[in-house]
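# Fold and geometry: a report
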Amino acid sequence: MEIAVEASQTPAQLPNVRVAVLGAGKMGGILLQAFLKENLFAAEKIHATVTHAERALALSTQWGVDVSTDNVEAVRQADLVLIGVKPFQVAGLVEEIKPALTPEKTIVSFAASVKTKSIEETAGLEIGVIRAMPNTPSALGAGVAALCRGRYVTDAQMELAQRIFQTVGRTVVVDEKHMDAVTGLSGSGPAYLYIIIEALAEAGVKVGLPRDIATQLAAQTAYGAAKMVLETGYHPALLKDAVTTPAGCTIDGILELEEGGLRVTLIKAVMRATERARQLAAG
Ligand SMILES: NC(=O)c1ccc[n+]([C@@H]2O[C@H](COP(=O)([O-])OP(=O)(O)OC[C@H]3O[C@@H](n4cnc5c(N)ncnc54)[C@H](OP(=O)(O)O)[C@@H]3O)[C@@H](O)[C@H]2O)c1
């Protein structure tokens, strides 16, 4: 089978864009550190905020960027405002920064469940609001983020938002109605795959392999299979068929997987998580 490998994309740098990262916690911190590593924005153009003054000081020293507790000041100086607080804190934060918002600024929120419309309405402006759902492998640059646009977003703003999340992995653009499904699939997905890797490693132990070797074999196999799907562009079924020799070992393993209902179980897991995301979004 011939393998066509796509060229990887490096995000272009944006040294003149002034950025506010409101809520530089786990995910905000991951993004901010990726911006610095990739030189996406100039360090002196980044202003991050947190709630605790002592944490602001420590992060400022650690990252070499301006970190404070002053959201209004950070937004006043920014072209781009990233919102990274917990979902229940978003409305209060937008209310707080309202005096510093203008229609020329761009808001990118990665708070789960919070709709672009509610941010637009609280801001009380025709302002571009993009909503994103990243996932935890972003910490290693192997994340995937789905982005959707609010009513007033321009193509240039959407491109800017994609560049932001390309620093921590891939991006896809979806309609906002699909964001709960994204949460159920790629948001929760790492947990499902950790269970699959753990189970495969356990299987390796059952057939006599040392645990550390079994874990490495399982994890690298999952990584390699994912890379094959992404980089060849082939349908996963075609790649599976290429491993499955007639009357060989793999078909016996697949038979067990199908009998155990792995496929249906995974589909149901994503359906349940999507439904839960929908409930959380409704409050
Ligand atoms: N973690 C993930 O994997 C992940 C994935 C997708 C989406 N998200 C979304 O990302 C958001 C943050 O999650 P997280 O896991 O990064 O949480 P987190 O680590 O608790 O970060 C939240 C940060 O917000 C700061 N903060 C709270 N209120 C603030 C305010 N009014 N002004 C300025 N800063 C404020 C906190 O400051 P202090 O540090 O001083 O308390 C903290 O640093 C959530 O909405 C979540 O849905 C997270």
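To be clear, the structure that these remarks concern was listed above.
Residues numbered from 1 in each chain as written. Predicted model: local features only at pLDDT ≥ 70, side-chain atom pairs only at ≥ 80, totals over all residues. Heavy atoms only, no water.

## Section: the sheet that holds strand β7 (residues 143–149)
The pairing of strands in a sheet comes from backbone hydrogen bonds and takes either a parallel or an antiparallel form. Across the sheet, eight strands lie side by side as β3-β2-β1-β4-β5-β6-β7-β8; this open sheet has mixed pairing. Unpaired on one side and paired on the other, β3 (66–68) and β8 (169–173) mark the two borders of the sheet. Taking the axes of each pair of neighbouring strands and ignoring which way they run, one obtains an average angle of 20 degrees across the sheet. Packing against the sheet, helix α1 (residues 26–38) makes contact with β1 (19–22), β2 (46–49) and β4 (80–83), and its axis sits at approximately 165 degrees to β2. (Pairing = 2+ DSSP bridges. Helix = DSSP H or I, 4+ residues; strand = E, 2+ residues; numbered from the N terminus. Axes fitted to C-alpha atoms, helices over the stretch in contact; angles between N-to-C directions. Contact = heavy atoms within 4.5 Å.)

## Comments concerning the site of the ligand
Close to the ligand lie 23 residues, the nearest being K26, M27, H52, R55 and V85. Residue K86 places a side-chain N or O atom 3.3 Å away from an oxygen atom belonging to the ligand. Measuring from an oxygen atom of the ligand, one finds a backbone N or O atom of A112 at 3.0 Å. The fraction of the free accessible surface of the ligand (900 Å²) that becomes covered by protein chains is 82%. Classifying every residue of the shell around the ligand by side-chain character gives 11 nonpolar, nine polar and three charged. (Near = heavy atom within 4 Å. Polar contact = N/O pair within 3.5 Å; in protein donor to acceptor, adjacent residues only side chain to side chain. Areas by Shrake-Rupley, 256 points an atom, 1.4 Å probe, with all protein chains shown as cover. Nonpolar A, V, L, I, M, F, W, Y, C, P; charged D, E, K, R; others polar.)

## Some points on the layout of surface pockets
Looking at the second largest pocket, its volume works out to about 860 Å³. Lining of the second largest pocket is provided by 30 residues; of these, K26, M27, G84, V85 and K86 occupy positions nearest its centre. For the lining of the second largest pocket, the elements supplying multiple residues, two or more each, are α1 and α4 (90–97). Counting residues per element, the lining of the second largest pocket draws most heavily on α1, which supplies four residues. (1 Å grid on protein atoms, 1.4 Å probe; cavity = no way out; pocket = protein on both sides within 12 Å on 5 of 7 lines; lining within 4 Å. Points joined across faces, edges and corners; volume = space filled by probe spheres on them.)

## Describing a nonpolar patch on the surface
The grouping of V207, L209, I213 and L217 at the surface amounts to a nonpolar patch, some 360 Å² of accessible area in total. Positionally, I213 belongs in helix α9 (residues 211–232). (Patch = residues over 30% accessible without salt bridge, like charges linked within 9 Å, V, L, I, M, F, W, Y side chains within 5 Å. Salt bridge = Lys/Arg side-chain N within 4 Å of Asp/Glu carboxyl O.)

## Some words on the side chain of T171
Along the chain, T171 turns up in strand β8. In terms of polar contacts, T171 uses its side chain to reach the side chain of Q162, at 3.4 Å. The contact partners of T171, leaving out residues within four places of it in the chain, are A145, L147, Q162, F165 and Q166.

## Looking at the environment of I30
Relative to the assigned elements, I30 resides in helix α1. The class of I30 is partly exposed, set by a relative accessible area of 21%. In the structure, I30 is positioned 228 residues away from E258 in sequence and 38 Å away in space, judged by C-alpha atoms. Once residues lying within four places of it in the same chain are set aside, the contact partners of I30 are G25, S138, A139 and V168. (Buried < 20%, exposed > 50% of the residue type's maximum accessible area, 1.4 Å probe, protein only.)

## A look at the packing of helix α7 (residues 179–187) against helix α12 (residues 262–282)
Working note: a packed helix pair is described by the angle between its axes plus the distance between those axes. The N-to-C vectors of α7 and α12 enclose an angle of 135 degrees; their axes lie 8 Å apart at closest approach. What the angle tells us is that α7 and α12 run oblique. Regarding α7 and α12, the two cross each other, and that crossing is right-handed. Touching D180, A181, T183, G184 and L185 of α7 are V270, A273, T274, A277, R278 and A281, all from α12. A per-class count over the contact of α7 with α12 returns six nonpolar, three polar and two charged. (Parallel < 35°, antiparallel > 145°, perpendicular 65-115°, else oblique. Left-handed = near helix turned anticlockwise from the far one by under 90°.)

## Some points on the packing of helix α8 (residues 189–206) against α9
The N-to-C vectors of α8 and α9 enclose an angle of 135 degrees; their axes lie 8 Å apart at closest approach. With respect to α9, the axis of α8 lies oblique. With respect to the hand of their crossing, α8 and α9 are arranged in right-handed fashion. Each of I197, L200, A201, E202, G204 and V205 in α8 lies in contact with α9, whose residues at this interface are R211, A214, T215, A218, A219 and A222.

## Some details on the packing of aromatic side chains
Enumeration according to the criterion identifies two aromatic pairs in this entry. With 5.0 Å between their ring centres and 90 degrees between their planes, F35 and F41 make a pair best called edge-to-face. Among the residues examined, F41 registers a relative accessible area of 2% and is labelled buried. (Phe/Tyr/Trp six-rings, centres within 6.5 Å; stacked < 30°, edge-to-face > 60°.)

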